[in-house]
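# Examining the three-dimensional arrangement
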Amino acid sequence: YQLDVDWAGSLYCGITLEWDYQARTLDISMPGYIQRMLEKFKHVPPPKPQDSPYPAPTKKYGKEAQNPIPIDQTPLLSAKDKQRVQQVVGSILYYARAVDVTVLTALSTIAGQQAQATQATQQTIQQLLDYCASHPDAKIRYHASGMILNIH
């Protein structure tokens, strides 16, 4: 194995760490990860930016608000398409847990559907990929606190 030592601490498990000791902040990101993933899955960016990772349910008022969510009646996906759904979920899950928590709710819902993936699941995956293409470089910033920990 090739071993490289990064004394600046700027890269860990594919996550870029940007330390600012003066401002006492740490920015974590994964630059280029989404672009490489979109190329891997041959995803074409949307013509308009997608600002929602998951389709919002339509609002219902009155008695209709109590009705259960209708069961997905769209046809099941082929084994190859189902495997693609699982690969996309796995790829985005790594990114989401590391730096972009905005997609976790969508991933959770899709993960629950992936065993019996339907065409509706595939459309949801498409929207999630469009969202990732529209917002490719998420960053999390951590700020140091002034708290002093005393242990007795």
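See above for the structure.
No experiment lies behind these values; they were computed from the predicted model shown. Note on numbering: residues in each chain are counted from 1, in written sequence order. In keeping with the predicted nature of the model, local features appear solely for residues at pLDDT of at least 70, side-chain atom pairs appear and are counted solely at 80 or more, and the whole-chain, interface and lining totals rest on all residues. Side-chain metrics rest on all non-hydrogen atoms present in the structure, leaving aside hydrogens and water.

### Considering unusual backbone geometry
- Phi at Cys 13 takes a positive value of approximately 50°, unusual for a residue other than glycine.
- The numbering of helices and of strands both runs from the N terminus, where a helix is a DSSP run of H or I of at least 4 residues and a strand a run of E of at least 2. Inspection of the secondary structure assignment puts Cys 13 in the loop between β1 (11–12) and β2 (15–20).
- Here Lys 42, not a glycine, exhibits a phi torsion of approximately 55°, which is positive.
- Note that Lys 42 resides in the loop between α1 (33–40) and α2 (79–98).
- Buried, partly exposed and exposed residues are distinguished by accessible area as a fraction of the type maximum, computed with a 1.4 Å probe on protein chains only: under 20%, between the cut-offs, and over 50%, respectively. Residue classification places Lys 42 among the exposed residues on the basis of a relative accessible area of 70%.

### As for the packing of α2 against helix α3 (residues 104–113)
- The angle between two axes is taken between their N-to-C directions and runs from 0 to 180 degrees, where each axis is a line fitted to C-alpha atoms and a helix contributes only its stretch in contact. For the pair α2 and α3, the least separation of the axes is 10 Å and the interaxial angle reads 150°. Judged by the angle between their axes, α2 and α3 are roughly antiparallel. Note on packing geometry: the crossing formed by α2 with α3 is left-handed. Note on element contacts: α3 touches α2 through Leu 104, Leu 107, Ile 110 and Ala 111, opposite Val 85, Val 89, Ile 92, Leu 93, Ala 96 and Arg 97.
- Residues are sorted three ways: Asp, Glu, Lys and Arg are charged, Ala, Val, Leu, Ile, Met, Phe, Trp, Tyr, Cys and Pro are nonpolar, and all the rest, Gly among them, are polar. Taken together, the residues that form the contact of α2 with α3 break down as nine nonpolar, no polar and one charged. Note on angle classes: values under 35 degrees are labelled roughly parallel, values over 145 roughly antiparallel, values of 65 to 115 roughly perpendicular, and the remainder oblique. Rotating anticlockwise by less than a right angle from the far helix to the near helix defines a left-handed crossing, while the corresponding clockwise rotation defines a right-handed one. Throughout, a contact is declared for two residues whenever any of their heavy atoms are within 4.5 Å.

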